[in-house]
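Next come the chains, spelled out residue by residue.
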Amino acid sequence: VVITIVNSLSVKLGSYLQNFLTAAKMIIVTIIIVSGIVLLAQGKTDNFKDSFKGSKISVSSISLAFYNGLWAYDGWNQLNYITEELKNPYRNLPLSIIIGIPLVTVCYVLINVSYFTVMTSTELLQSQAVAVTFGDRVLYPASWIVPLFVVFSTLGSANGTCFTAGRLVYVAGREGHVLKILSYISVKHLTPAPAIIFYGAIAIIYIIPGDINSLINYFSFAVWIFYGLTVLALIVMRFTRKELKRPIRVPIVIPVIVTLVSIVLVLAPIISAPELPYLYCTLFILSGLIVYALFVHLKFSWAQKISKPMTMHLQMLLEVVPEEDVTE
């Protein structure tokens, strides 16, 4: 709720908060990595012997493992949502991805190495908060720092997602894919407040009933359907819309690989270990087509009688207006 309010009130405030939380995250990452290196230098290598003993190798288990791993790296796509607000996006977007992903990879690997210097794989899996357990065992009197900075890290991830996903909803409203109210801009704060509030409300609903593992698996199942479709659209448009200007281009082999990976990630868990929640997840996604057909595409008169008063009252309550058309 706090993150939603902050991003609805000010773009600068949201970006300043993100800068602070990211700096805090890097501080605790550095502390954990340096502590792990010191422990390794002292000969704490017992937990690395027979590291993969008892591992199960199957298409299903590997796919679910990728769900967790790719969840950790999910920030790779978020900058694409705010391309309009980036300075010199043709340079800064690829540059940030090229710098960001290797940096995150190195940090994740070194942090996990640090964890295994003081925990067995069983202890790591049973820990409610791995970083906190690490801090209790290594940092002693200063262990309180770890949960504090873990909170900063978590809030930073949530704030970044709120900032970027709000823009995704906003553009969907502008393009006519969802209700038009979601593309309105705050008169006072110049932020896409309705889109951000809508995203915040959906996020709150998601986190009420589920445990983290279920959320990761079903979110990943759903999101890789859309990643796959998005990249497939890139391939299709490369051949059907050749006349479009493409300031940023990638070799065609990359989207082909991503599409194939998406198909494997979506189908493998269903084929290997079918569960009803995957069906529920699919039905929930398809239910969006019903809302889209009734309120956006077909514009039935009774649906407009519901949506128009709602739009008017929300517009007055939130003090938002449609985006101005800028003619070049």
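Residues numbered from 1 in each chain as written. Predicted model: local features only at pLDDT ≥ 70, side-chain atom pairs only at ≥ 80, totals over all residues. Heavy atoms only, no water.

Named according to an unreviewed UniProt entry, the chain is BAT1 protein originating from Setophaga kirtlandii. Taken from UniProt, the Subcellular location (unreviewed entry) comment for the chain reads in full: "Membrane". (UniProt positions renumbered as here; feature names shortened; annotations may be inferred.)

Focus: the overall build of the chain
A tally of regular secondary structure across the chain gives 12 helices and 2 strands. The order of α-helices and β-strands along the chain, N terminus first, is α-α-α-α-α-α-α-β-α-α-α-α-α-β. The dimensions of the chain, computed from C-alpha atoms along their principal axes, are 70 × 45 × 40 Å. Each of the 328 residues in the chain was classed as buried or not, and the buried ones make up 28%. For the chain, the accessible area works out to roughly 20800 Å², and carbon and sulfur atoms hold 71% of it. (Helix = DSSP H or I, 4+ residues; strand = E, 2+ residues; numbered from the N terminus. Buried < 20%, exposed > 50% of the residue type's maximum accessible area, 1.4 Å probe, protein only. Areas by Shrake-Rupley, 256 points an atom, 1.4 Å probe, with all protein chains shown as cover.)

Here's the deal with unusual backbone geometry
Positive phi values are uncommon outside glycine, yet Leu 190 reaches one of about 55°. Along the chain, Leu 190 falls in the loop between strand S1 (185–186) and helix H8 (193–207). Phi is positive for Glu 319, close to 55°, though the residue is something other than glycine. Tracing the chain through its elements places Glu 319 in the loop between helix H12 (301–318) and strand S2 (320–321).

Some thoughts on the packing of aromatic side chains
This model, assessed by the stated rule, comprises 7 aromatic pairs. Ring centres of Phe 48 and Phe 116 lie 6.4 Å apart, and the angle between their planes is 65°; on these two criteria the pair is classed as edge-to-face. Within this pair, whereas Phe 48 is found in the loop between helix H2 (11–41) and helix H3 (59–72), its partner Phe 116 is found in helix H4 (residues 89–118), the two being separated by 68 residues in sequence. Given a relative accessible area of 30%, Phe 48 falls into the partly exposed group. (Phe/Tyr/Trp six-rings, centres within 6.5 Å; stacked < 30°, edge-to-face > 60°.)

Let's talk about the nonpolar core
Counting 17 residues, the largest nonpolar core has Ile 32, Ile 111, Tyr 115, Val 118 and Phe 134 as its most contacted members. Looking at this core, the elements that each hand over two or more residues are H2, H4, helix H6 (130–138) and helix H7 (145–174). For this core, the leading source of residues is H2, giving 6 residues. When residues no more than four places from it in sequence are discounted, the contact partners of Ile 32 are Ile 111, Ser 114, Tyr 115, Ala 131 and Phe 134. Within the second largest apolar cluster, 10 residues are counted, among which are Ala 222, Val 223, Tyr 278 and Cys 281. (Core = buried A, V, L, I, M, F, W, Y, C linked by side-chain atoms within 4.5 Å. Contact = heavy atoms within 4.5 Å.)

Brief notes about the UniProt feature "transmembrane region" (unreviewed entry) in the chain
In this numbering, the UniProt entry assigns the feature "transmembrane region" (unreviewed entry) to residues 20–41, 95–118, 144–170, 190–209, 215–236, 248–271 and 277–298. For residues 20–41, helix accounts for 100% and strand for 0%, while the C-alpha atoms at its two ends are 32 Å apart. When the span residues 144–170 is considered, its composition is 96% helix and 0% strand, and the gap between its end C-alpha atoms is 39 Å.

Observations concerning the pattern of salt bridges
Under the definition given, this model contains 4 salt bridges. Across the pair Asp 46 and Lys 49 runs a salt bridge, and its minimum N-O distance is 4.0 Å. Grouping residues by exposure puts Asp 46 and Lys 49 together as exposed. Glu 123 is paired through a salt bridge with Arg 137; the nearest N and O atoms lie 3.3 Å apart. Taken together, the residues span a long stretch of sequence, with Glu 123 in helix H5 (residues 121–126) and Arg 137 in helix H6 at a distance of 14 residues. Residue Arg 137 is classed as partly exposed on the basis of its relative accessible area of 34%. (Salt bridge = Lys/Arg side-chain N within 4 Å of Asp/Glu carboxyl O.)

Re H6
Among all positions of H6, only Ala 131, Thr 133, Phe 134, Gly 135 and Val 138 are buried. Contacts from the buried residues of H6 go to H2, H4 and H7.

Overview of the side chain of Ser 183
Within the secondary structure, Ser 183 is located in the loop between H7 and S1. Side-chain polar atoms of Ser 183 contact the backbone oxygen of Lys 180, separated by 2.7 Å. (Polar contact = N/O pair within 3.5 Å; in protein donor to acceptor, adjacent residues only side chain to side chain.)

Points about the packing of H3 against helix H9 (residues 212–240)
Two elements in contact, H3 and H9, have axes whose closest approach is 9 Å; the angle formed by their N-to-C orientations is 85°. When the axes of H3 and H9 are compared, the pair comes out roughly perpendicular. The residues of H9 that touch H3, namely those facing Leu 64, Tyr 67, Asn 68, Leu 70 and Trp 71, are Ile 216, Asn 217, Phe 219, Ser 220, Phe 221 and Trp 224. Taken together, the residues of the contact of H3 with H9 break down into 8 nonpolar, 3 polar and no charged. (Axes fitted to C-alpha atoms, helices over the stretch in contact; angles between N-to-C directions. Parallel < 35°, antiparallel > 145°, perpendicular 65-115°, else oblique. Nonpolar A, V, L, I, M, F, W, Y, C, P; charged D, E, K, R; others polar.)

Things to note about the environment of Asp 50
Within the secondary structure layout, Asp 50 lies in the loop between H2 and H3. Sequence spacing of Asp 50 and Leu 17 is 33 residues, and the spatial spacing of their C-alpha atoms is 43 Å.

Considerations on H2
Taking 1.5 Å of rise per residue, 31 residues should cover 45 Å, and H2 covers 45 Å from first to last C-alpha, within 8% of that figure. Along H2, the residues that are buried comprise Gly 14, Leu 21, Ala 24, Ile 28, Val 29, Ile 32, Ile 33, Ser 35, Gly 36 and Leu 39. Looking at the buried positions of H2, the neighbouring elements they touch are helix H1 (2–9), H4, H6 and H7. The N-cap of H2, judged by a side-chain oxygen 3.3 Å from the amide nitrogen of Lys 12 a few residues on, is Ser 10. Looking at the residues trailing H2, positive phi occurs at Gly 43, about 95°. (Expected span 1.5 Å × (residues − 1).)

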